[in-house]
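# Coordinate analysis (summary)
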Amino acid sequence: MKTRKIPLRKDIVTGNMFPKKDLVRVVRNKEGEVSLDPTGKKNGRGAYISLDVKVAQQAQDEHVFEKAFGVAIPASFYQELIEYVDHQQARQELFGER
């Protein structure tokens, strides 16, 4: 019986490695637009952040995605990110899933 490797990705904020299912992908497309990519399948350059509200707030405070993608990112994106992460974190706590 083969054991299946769990794909790990690095959280851009903390530098820690996590299974993909415990992260959300943020992507910048060719037009320079930055958006959440919950499916992990959007075209563009991606970076991952863990499903932790404190980490999302730290990303906002440190302008992590501006540095990673080299584009200006509105505060509304970070608010959307924090709300999404908060929702997903609550789902994990309630249902033990993502």
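Values in this document were obtained by computation on a predicted structure and should not be read as measured data.

Calculation criteria
- Residues numbered from 1 in each chain as written.
- Predicted model: local features only at pLDDT ≥ 70, side-chain atom pairs only at ≥ 80, totals over all residues.
- Heavy atoms only, no water.
- Phe/Tyr/Trp six-rings, centres within 6.5 Å; stacked < 30°, edge-to-face > 60°.
- Buried < 20%, exposed > 50% of the residue type's maximum accessible area, 1.4 Å probe, protein only.
- Pairing = 2+ DSSP bridges.
- Helix = DSSP H or I, 4+ residues; strand = E, 2+ residues; numbered from the N terminus.

## Focus: the packing of aromatic side chains
Inspection of every chain in the model, using the stated rule, returns four aromatic pairs. Aromatic side chains Phe77 and Tyr78 sit 5.5 Å apart centroid to centroid with 70° between the ring planes, which places their arrangement in the edge-to-face category. Using a relative accessible area of 5% as the deciding quantity, one classes Phe77 as buried. Using a relative accessible area of 2% as the deciding quantity, one classes Tyr78 as buried. Connected via pairs of aromatic rings, a cluster forms that spans Phe65, Phe69, Phe77 and Tyr78.

## Quick word on the pairing of strand E4 (residues 34-37)
Here strand E3 (residues 23-28) runs beside E4; their pairing, made up of four bridges, is antiparallel. Bridge assignment links Val26 to a residue of E4, and that residue is Leu36. Once E3 ends, the chain turns through five residues before running back antiparallel as E4, passing Gly32 with a positive phi of about 85°.

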